[in-house]
Amino acid sequence: MRIKDPAMIRRWRKQRHFTQRDLAYLVRRSQATIWQIESGALKTISEDLAIAIAARLDVPWEDLFEAHERVVMPDVPTDTRAAIHAVPA
C-alpha cells in the first residue's frame, strides 16, 4: 500500500502518545521501520503492516494509505519454438 502522507502518520502516533518504539512494538516491526515510514524513506508497505498501523492508531486505513493494484504480467513461454508454432501464419 502506498503511504499518502508520512507526516500524518507521525501526527496520529503523537496524538495517541506513542513513541516510534511503542508503535513498532504494537505492529511487530522495528523502530527503524516506523522512522522510515514517517520520514518518507518508505513509499509503500505491505497491506498487513498498513492495516496494523491504522488499527493501532485507531484511524481508518483509507485515511493513511492508498491501495495500489499490482499489474500481473502474463506468463511468457520458455520454449520459443512452441511460441513460434503457436502464432498463426
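What you see is a predicted model, and the numbers here were worked out from it, not measured in a lab.

Caption draft 1: Layout of the overall build of the chain. A count of helices and strands for the chain gives six helices and two strands. Put simply, the chain has 89 residues, and 25% of those count as buried. Partitioning the contacts of the chain with sequence separation of at least 6, the portion at a separation of at least 24 is 62%. Entry remark: accessible area of the chain is about 6,700 Å², with carbon and sulfur atoms responsible for 55%.

Caption draft 2: Structural context of helix α3 (residues 31–39). Turning to α3, its buried residues number three or more, namely T33, I34, I37 and E38. Relative to the axis of α3, the buried residues are bounded by an arc of 130 degrees and lie together on one face. Elements that come into contact with the buried residues of α3 comprise β1 (2–3), α1 (6–15), α2 (20–26) and α4 (47–57). Following α3 by one or two positions, G40 adopts a phi angle in the positive range, close to 90 degrees.

Caption draft 3: Just the environment of R11, in detail. Within the secondary structure, R11 sits in helix α1. Sequence separation between R11 and E38 is 27 residues; the distance between their C-alpha atoms is 9.4 Å.

Caption draft 4: Just the packing of α1 against α3, in detail. Relative to each other, α1 and α3 sit at 125 degrees, their axes nearing to 6 Å. Here α1 lies oblique to α3, going by the angle between them. Counting all contacts with α1, which are made through P6, A7, I9, R10 and R13, the residues of α3 involved are I37, E38 and S39.

Caption draft 5: Seen up close, the nonpolar core. In this structure, I9, I37, I45, I53, L57, L64 and F65 are the most contacted members of the largest nonpolar core, which totals 17 residues. Of all elements in the fold, only α2, α3 and α4 reach the threshold of two or more residues within this core. For this core, the element with the highest residue contribution is α4, accounting for five residues.

Caption draft 6: Fine view of the side chain of R13. Structurally, R13 is set in helix α1. A polar contact of 2.5 Å, which involves the side chain of R13, links it to the side chain of E38.

Rules behind the numbers
Sequence order sets the numbering: in each chain, residues are counted from 1 along the sequence as written. The model is predicted, so local features are restricted to residues of pLDDT at least 70 and side-chain atom pairs to those at 80 or more, both for listing and for counting; the totals for chains, interfaces and linings are taken over all residues. For the side-chain quantities, the full set of heavy atoms in the structure was used; hydrogens and water were omitted. Secondary structure counts use DSSP, requiring at least four H or I residues in a row for a helix and at least two E residues in a row for a strand, with both numbered from the N terminus. Residue burial is assigned from relative accessible area. The probe radius is 1.4 Å, only protein chains are included, and a residue is buried under 20% of its type maximum, exposed over 50%, and partly exposed in between. The contact rule is simple, with two residues in contact once any of their heavy atoms fall within 4.5 Å. In these tables, accessible area is a Shrake-Rupley quantity obtained with a 1.4 Å probe, and a residue counts as shielded only by the protein chains included in the view. By definition, the arc is the one covered by directions from the helix axis to the C-beta atoms. Fitted lines through C-alpha atoms give the axes, limited to the stretch in contact for helices. The angle between two N-to-C directions lies from 0 to 180 degrees. Orientation is classified from the angle alone, with under 35 degrees giving roughly parallel, over 145 giving roughly antiparallel, 65 to 115 giving roughly perpendicular, and any other angle giving oblique. In this text, buried Ala, Val, Leu, Ile, Met, Phe, Trp, Tyr and Cys residues form a nonpolar core when linked through side-chain atoms within 4.5 Å. Any N or O atom pair separated by 3.5 Å or less is treated as a polar contact, with the protein-specific requirement of one donor-capable and one acceptor-capable atom, and with residues adjacent in sequence counted only for side-chain atom pairs.

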